Amino acid sequence: MRRRGEIDMATEGDVELELETETSGPERPPEKPRKHDSGAADLERVTDYAEEKEIQSSNLETAMSVIGDRRSREQKAKQEREKELAKVTIKKEDLELIMTEMEISRAAAERSLREHMGNVVEALIALTN
C-alpha cells in the first residue's frame, strides 16, 4: 500500500511508470480554448476600408511623371559631371603611380585623378581613406 505523495521506482522490467498525482481538491475539467471572434470582426473592418479606398488615375499619372522627371534630371546631371571630368588632363606617370601603389584598376585610378583635378596627393589621400 502506498502513502500519499509516494512515487514508485521503476525497475528494468517495468513498462509503465506511475506519476505522482495530488488529490487535494475536487477535480476540474480541462479548460476549453477560447475563441477569438472579436479579432475576426476587427479584420473585416480593416479589409472593408482597404476595399473602399480607390486610387485616382490622375494622381497616379502625376506621381509617375514626377518620378520620371527626377530620373531624367539625375541622368542629365550625371552626364554633365562625366563631361566635366573628361576635360581634366591627367599625366600618364601619375596614373601609373596610383595604379601600382594602390593596386587598383586603370579606370579606378583615372576616375580618382579626374575627380581631384589631376592632383596626385589628393587622389591618393582619398583612396586611402
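Read on for an overview of the structure. On a predicted model such as this, the values are computed, not experimentally measured, just so you know. (Residues numbered from 1 in each chain as written. Predicted model: local features only at pLDDT ≥ 70, side-chain atom pairs only at ≥ 80, totals over all residues. Heavy atoms only, no water.)

Regarding helix α4 (residues 106–115)
Piece 1. Regarding α4, the residues found buried are A109, S112, L113 and R114.
Piece 2. Residues of α4 that are buried sit in contact with α2 (57–87), α3 (92–102) and α5 (120–128).
Piece 3. Once α4 ends, the next one or two residues include M117, with phi positive near 55°. (Buried < 20%, exposed > 50% of the residue type's maximum accessible area, 1.4 Å probe, protein only. Helix = DSSP H or I, 4+ residues; strand = E, 2+ residues; numbered from the N terminus. Contact = heavy atoms within 4.5 Å.)

Describing the packing of α3 against α4
Piece 1. Where α3 meets α4, the axes come as close as 9 Å, and the angle between the chain directions of the two elements is 120°. Relative to α4, the element α3 lies oblique. When the axes of α3 and α4 are compared, the crossing they make is right-handed. Across from D94, L95, I98 and M99 in α3, the residues of α4 making contact are R106, A109, E110 and L113.
Piece 2. Here the contact of α3 with α4 is composed, by residue class, of five nonpolar, no polar and three charged. (Axes fitted to C-alpha atoms, helices over the stretch in contact; angles between N-to-C directions. Parallel < 35°, antiparallel > 145°, perpendicular 65-115°, else oblique. Left-handed = near helix turned anticlockwise from the far one by under 90°. Nonpolar A, V, L, I, M, F, W, Y, C, P; charged D, E, K, R; others polar.)

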